[in-house]
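Summary of the model geometry
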Amino acid sequence: MSNPHRNKKELGHVDHIWEKVERTLDDGFSYYYMVCKECHEVRFPGPQLQSLQDYSKENLFISVQDWILLLLYAGHEYIAGITHYQKMLFIIFYEFAPEFNIPTENPGFYGYKYGPYSARIDTAIEFLIQHNYITVEGRKSSSKERFYITEKGKYKGKKIFNKLSKKQKQALVEFRKFWDQKTTKAICKYIYAKPEYEKYLDKSLILNELFPGRKLYRRRG
C-alpha cells in the first residue's frame, strides 16, 4: 500500500481554522499549540516549541520526531513502508503512550486514503533523512520502501530511549517486535476494526477491501 502526500487542494479547503489547545502535564508544566478544526494540522508557536524542547532535555516528553527515531531504535531491522510506519506511530500515540503514561506531542492525525495519517510525521521523517538520522532504500511510498536508522540516529535514539523506565523500554521493544511480524494490511485492519477510530475512515480507499460491505455509522455534521 502506498501513502501519497496530501496537499491543500486535496483537503478541500483554503483557509485553516485554528483552535488553541492547552495541555498541563502531571508535574505542572503547561504548554499550548494550535490545531486546525478542518484538517487537524498542528502548529506550535515558536516560544511554545522552544519551551517544550527545553523541558524535554531534562524531563520525559517525546516529540513526533523523537518517536520516529525511538521506534526505529527499538528494533533490530528496518521498518517496511511509510504506511506501516505511520500506522505503528498512530498506535504509539493513541494507545502505547497513554497506557505507559508517556507525555507526547500531538501529531495531528486526520482521515485520508489509508485511514489515519499525519503530515507532521512525514515532514519529521524528511527532516531526519536530510540530517542523516535515517536512511531510506527502495521506491518511495511503496511496500518496497525501507527505513533504516543510521549510527547518528542510534546515538540520539539511545539518549531518548534511556529516558524511559525499564518497563517502558521493554514494552516498546515488544511493541516493535509484534508489529514487525504483521503485514501492513493487518495493522490497518486492527485500526479500522476499532469504533473509536471510525472518524479517520471517511476518506479511506481500502475500507471495503478490509471489511467488505461495511458502512460507517458515525453521524456526519
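Computed from a predicted model, the values in this text were never measured in an experiment. (Residues numbered from 1 in each chain as written. Predicted model: local features only at pLDDT ≥ 70, side-chain atom pairs only at ≥ 80, totals over all residues. Heavy atoms only, no water.)

**Section: the environment of Arg 43**
- Note that Arg 43 resides in strand β3 (residues 42–43).
- Note: C-alpha distance between Arg 43 and Leu 210 (167 residues apart in sequence) is 33 Å.
- Arg 43 has contacts with His 16, Trp 18, Tyr 33 and Met 34, leaving out every residue within four places of it along the chain.
- Engagement of the side chain of Arg 43 in a polar contact is seen with the side chain of Glu 41, the distance being 2.9 Å. (Helix = DSSP H or I, 4+ residues; strand = E, 2+ residues; numbered from the N terminus. Contact = heavy atoms within 4.5 Å. Polar contact = N/O pair within 3.5 Å; in protein donor to acceptor, adjacent residues only side chain to side chain.)

**Some remarks on the packing of aromatic side chains**
- Using the criterion set out here, one finds 25 aromatic pairs in the structure.
- The lysine or arginine in question, Lys 152, covers the ring of Tyr 133, its NZ or CZ lying 4.6 Å from the ring centre.
- A cation sits over an aromatic face here: Lys 189 above Phe 211, 5.5 Å from the ring centre. (Phe/Tyr/Trp six-rings, centres within 6.5 Å; stacked < 30°, edge-to-face > 60°. Lys NZ or Arg CZ within 6 Å of the ring centre and 35° of its normal.)

**Regarding the sheet that holds β3**
- The three strands are arranged β1-β2-β3 in an open sheet whose pairing can be described as antiparallel. The strands lining the two open edges of the sheet, one partner per strand, are β1 (18–24) and β3.
- Bridging between strand β2 (residues 30–36) and β3 involves two bridges; their strand directions are antiparallel. Among the inter-strand pairings, Met 34 is bridged to a residue of β3, identified as Arg 43. (Pairing = 2+ DSSP bridges.)

**A short note on the nonpolar core**
- Residues Trp 67, Ile 68, Leu 71, Tyr 85, Phe 96 and Leu 172 are the most contacted members of the largest nonpolar core, which totals 42 residues.
- Looking at this core, the elements that each hand over two or more residues are α3 (64–73), α4 (82–99), α5 (119–130), β8 (146–149), α6 (151–161), α7 (166–180) and α8 (184–192).
- Take this core: its biggest share by element is ten residues, from α4.
- Membership of the second largest hydrophobic core comes to eleven residues, among which are Tyr 33, Val 35, Val 42 and Leu 52. (Core = buried A, V, L, I, M, F, W, Y, C linked by side-chain atoms within 4.5 Å. Buried < 20%, exposed > 50% of the residue type's maximum accessible area, 1.4 Å probe, protein only.)

**Thoughts on the sheet that holds strand β4 (residues 79–80)**
- One open sheet accounts for three strands, arranged β4-β8-β7; its pairing is antiparallel. Sheet topology places β4 and β7 (134–137) at the edges, where each strand pairs with a single neighbour.
- Examined bridge by bridge, β7 and β8 share four bridges and lie antiparallel to one another. Paired with Val 136 across the two strands is Phe 147, which belongs to β8.

**Description of the side chain of Asp 66**
- Considering the arrangement of structural elements, one finds Asp 66 in helix α3.
- For the buried residue Asp 66, which engages in no salt bridge, the nearest side chain bearing the opposite charge is Lys 156, 4.3 Å off.
- If we ignore the near neighbours within four places in the chain, the residues touching Asp 66 are Phe 61, Lys 156 and Ile 160. (Lys, Arg positive; Asp, Glu negative; His and termini not counted. Salt bridge = Lys/Arg side-chain N within 4 Å of Asp/Glu carboxyl O.)

**Here we look at the packing of α4 against α8**
- It is at 9 Å that the axes of α4 and α8 come closest, and there the two elements cross at 35°. Taken as a pair, α4 and α8 cross one another with a handedness that is left-handed. Across from Thr 83, His 84, Lys 87, Met 88, Phe 90, Ile 91 and Glu 95 in α4, the residues of α8 making contact are Thr 184, Ile 187, Cys 188, Tyr 190 and Ile 191.
- Within the contact of α4 with α8, the residues separate by chemical class into seven nonpolar, three polar and two charged. (Axes fitted to C-alpha atoms, helices over the stretch in contact; angles between N-to-C directions. Left-handed = near helix turned anticlockwise from the far one by under 90°. Nonpolar A, V, L, I, M, F, W, Y, C, P; charged D, E, K, R; others polar.)

**Quick look at the packing of α4 against α5**
- At their nearest, the axes of α4 and α5 sit 11 Å apart, and the two run at 115° to each other. Between α4 and α5 lies a crossing of right-handed hand. Only Ile 121, Asp 122 and Ile 125 of α5 make contact with α4, whose side of the interface consists of Ile 82, Tyr 85, Gln 86, Leu 89 and Phe 93.

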